[in-house]
Amino acid sequence: MALALALASVLGSLSTAAADVAPVKRISCPSVAAVNQAMPSCGLNPRLVRLEATPARCQDFKQGTAWRVLEVTFVPDVSTPKQAEDEIGAGLIEIGYPSGFSPFPIAALGKDAFGWVDLSPTFVYWQVSPGAVALMSGLYGDQNLAPVAKLFRPMMEVYTIEGERTVNGRRWRTTCENYSATGRCRTDIFATTIKKTPSGYQSVNDWVFNSLTYRWSDRALWENNPLGRTGAWTSAEGRKWHTECDTTTTGRGACRSYIWTTEISRQGGAYTQNNVWRFYNQVLFTN
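Described in the following lines is the structure provided in the data block.

Scoring rules and cut-offs
Residues numbered from 1 in each chain as written. Predicted model: local features only at pLDDT ≥ 70, side-chain atom pairs only at ≥ 80, totals over all residues. Heavy atoms only, no water. Helix = DSSP H or I, 4+ residues; strand = E, 2+ residues; numbered from the N terminus. Buried < 20%, exposed > 50% of the residue type's maximum accessible area, 1.4 Å probe, protein only. Contact = heavy atoms within 4.5 Å. Areas by Shrake-Rupley, 256 points an atom, 1.4 Å probe, with all protein chains shown as cover. Lys, Arg positive; Asp, Glu negative; His and termini not counted. Charge placed at Lys NZ, Arg CZ, Asp CG, Glu CD. Pairing = 2+ DSSP bridges. Axes fitted to C-alpha atoms, helices over the stretch in contact; angles between N-to-C directions. Salt bridge = Lys/Arg side-chain N within 4 Å of Asp/Glu carboxyl O. Expected span 1.5 Å × (residues − 1). Core = buried A, V, L, I, M, F, W, Y, C linked by side-chain atoms within 4.5 Å. Phe/Tyr/Trp six-rings, centres within 6.5 Å; stacked < 30°, edge-to-face > 60°. Lys NZ or Arg CZ within 6 Å of the ring centre and 35° of its normal.

## A word on the overall build of the protein
In step 1: For the protein, the helix and strand inventory stands at five helices and 17 strands.
In step 2: Along the first, second and third principal axes, the C-alpha atoms of the protein reach 80 × 45 × 35 Å.
In step 3: With 287 residues in all, the protein has 41% of them scored as buried.
In step 4: Contacts in the protein between residues at least 24 apart in sequence constitute 49% of all its contacts with a sequence separation of at least 6.
In step 5: When the accessible surface of the protein is split by element, carbon and sulfur atoms take 51% of a total near 15,300 Å².
In step 6: Counting 28 positive and 24 negative side-chain charges, the protein places the centres of these two groups 9 Å from one another.

## Topic: the sheet that holds strand 8 (residues 132-139)
In step 1: Strand order in the open sheet formed by seven strands is 2-3-4-8-7-6-5, and the pairing between neighbours is antiparallel. Looking along the sheet, the strands with just one partner apiece sit at the ends: strand 2 (48-54) and strand 5 (104-105).
In step 2: Taken together, the three bridges between strand 6 (residues 114-116) and strand 7 (residues 122-129) define a ladder with antiparallel strand orientation. The residue of strand 7 that forms the bridge with phenylalanine 114 is tyrosine 125.
In step 3: Packing against the sheet, helix 3 (residues 81-94) makes contact with strand 6, strand 7 and strand 8, and its axis sits at approximately 25 degrees to strand 6.

## Some details on the pairing of strand 12 (residues 182-197)
In step 1: Taken together, the eight bridges between strand 11 (residues 170-179) and strand 12 define a ladder with antiparallel strand orientation. What sits directly across from glutamate 177, in strand 12, is arginine 184.
In step 2: Sheet topology note: the strand 12/strand 13 (residues 200-217) ladder contains 14 bridges and is antiparallel. When the sheet's bridge partners are listed, aspartate 188 is paired in strand 13 with phenylalanine 209.
In step 3: Between strand 12 and the antiparallel strand that follows it, strand 13, lie two residues.

## A look at unusual backbone geometry
Most of the time, phi is negative for any residue but glycine, and the peptide bond is trans.
In step 1: Backbone geometry places aspartate 77, a non-glycine residue, at a positive phi of 65 degrees.
In step 2: With respect to the element layout, aspartate 77 can be found in the loop between strand 4 (68-74) and helix 3.
In step 3: Within the chain, aspartate 246 stands out as a residue other than glycine whose phi angle is a positive 55 degrees.

## Observations regarding the pattern of salt bridges
In step 1: Counting across every chain of the model gives 11 salt bridges.
In step 2: Between glutamate 157 and arginine 153 there is a salt bridge, with the nearest N and O atoms lying 2.3 Å from each other.
In step 3: The shortest N-O distance in the salt bridge between glutamate 263 and arginine 278 comes to 3.8 Å. With glutamate 263 in strand 16 (residues 254-267) and arginine 278 in strand 17 (residues 270-285), the pair connects residues that are 15 residues apart, well separated along the chain.
In step 4: Relative accessible area serves as the criterion here: at 35%, glutamate 263 is assigned to the partly exposed category.
In step 5: Put simply, Arg57, Arg68 and Glu71 are held in one network by salt bridges that share partners.

## Considerations on helix 3
In step 1: Along its 14 residues, helix 3 runs 20 Å from first to last C-alpha, staying within 8% of the 20 Å computed at 1.5 Å per residue.
In step 2: Listed in full, the buried residues belonging to helix 3 are Pro81, Gln83, Ala84, Glu87, Ile88, Gly89, Gly91 and Leu92.
In step 3: Of the residues trailing helix 3, glycine 96 is marked for its positive phi of about 70 degrees.

## A few points about the nonpolar core
Note that soluble globular proteins tend to have their nonpolar side chains buried in a common cluster.
In step 1: The biggest cluster of nonpolar side chains holds 26 residues, and the ones touching the most others in it are Leu70, Leu109, Trp126, Met136, Val148 and Phe152.
In step 2: Elements supplying a minimum of two residues to this core: helix 2 (32-38), strand 4, strand 7, strand 8 and helix 4 (145-149).
In step 3: What methionine 136 contacts, discounting residues up to four positions off in sequence, is Leu70, Glu71, Val72, Thr122, Phe123, Val124, Trp126, Leu145, Val148, Ala149 and Phe152.

## Let's talk about the packing of aromatic side chains
In step 1: For the structure shown, the criterion picks out 13 aromatic pairs.
In step 2: Arranged with centres 5.5 Å apart and planes meeting at 85 degrees, the rings of phenylalanine 190 and tryptophan 207 form a pair that is edge-to-face. Taken together, the residues phenylalanine 190 in strand 12 and tryptophan 207 in strand 13 connect sequence positions 17 residues apart.
In step 3: On the basis of relative accessibility, which here comes to 28%, the residue phenylalanine 190 falls in the partly exposed class.
In step 4: Here the aromatic rings of tyrosine 258 and phenylalanine 279 are separated by 6.0 Å at their centres, their planes lie at 55 degrees, and the arrangement is tilted. Placement of tyrosine 258 in strand 16 and of phenylalanine 279 in strand 17 is noted, with a sequence separation of 21 residues between them. In this pair, the class of tyrosine 258 matches that of phenylalanine 279, namely buried.
In step 5: Through a chain of ring-to-ring contacts, three or more aromatic side chains come together here, namely Phe101, Phe114, Trp116, Phe123 and Tyr125.
In step 6: Note that arginine 50 overlies the ring of phenylalanine 61, its terminal NZ or CZ placed 4.2 Å from the centroid.
In step 7: Sitting over the face of the ring of phenylalanine 279, arginine 256 holds its NZ or CZ atom 4.2 Å from the ring centroid.

Quick look at the structure:
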């Protein structure tokens, strides 16, 4: 525990310049049952019974204690695992840590992902999303750590993981399919829409299209596609589009595309039609 606190202090003092667009540091916490199933086989790793989650931290607890067993959070002020490795090594030299720093690679979590086994449980570092490095701590043994870490994803489940779920009081439904070298997911939302009929306007409660999401892939895959770079264009069908990438709206490592369309709304008891830019799809990058 003392080592972890000292390390956090060192990391905090070795900050780097922030990028123009901050990474999205939100994480999706898996269920206790999923973590227990994937947890390494070791007598020092007890079964977990309770999860406490925030957008930036997942903490799993064993029975009968207020002290967490497994924690996943973000490493402050670093953008890549290699940067974290360099800063940890430099920090340990600075505080005179006697045992040195001996990280080991975890290829299943990426080319720069690494683990560190010391007197404390293993520390695991990996690129959970562009610009954001996750830190998992609390597990003993360096075997089968990657399956546990892979359970923790950027908080994009509503757009990237198949299934139905309720988020912020709204019902969402997502289906996915293979697309080129990545995957594409369609997300619908249960909502009230206004439709024009021969007799007037009608409000309908049903599943309606929300957006398409192209799962994480290398940015180079999209270099010749207008959905993967900033700009405006007109489709072959005559529809106007525009795309923005790596902005404060999209977060680092993503593009959002909007289409010019007509929407019906009701204001002051009257129905109106307005042309608006509507979010249509997003592309997520691994770099």
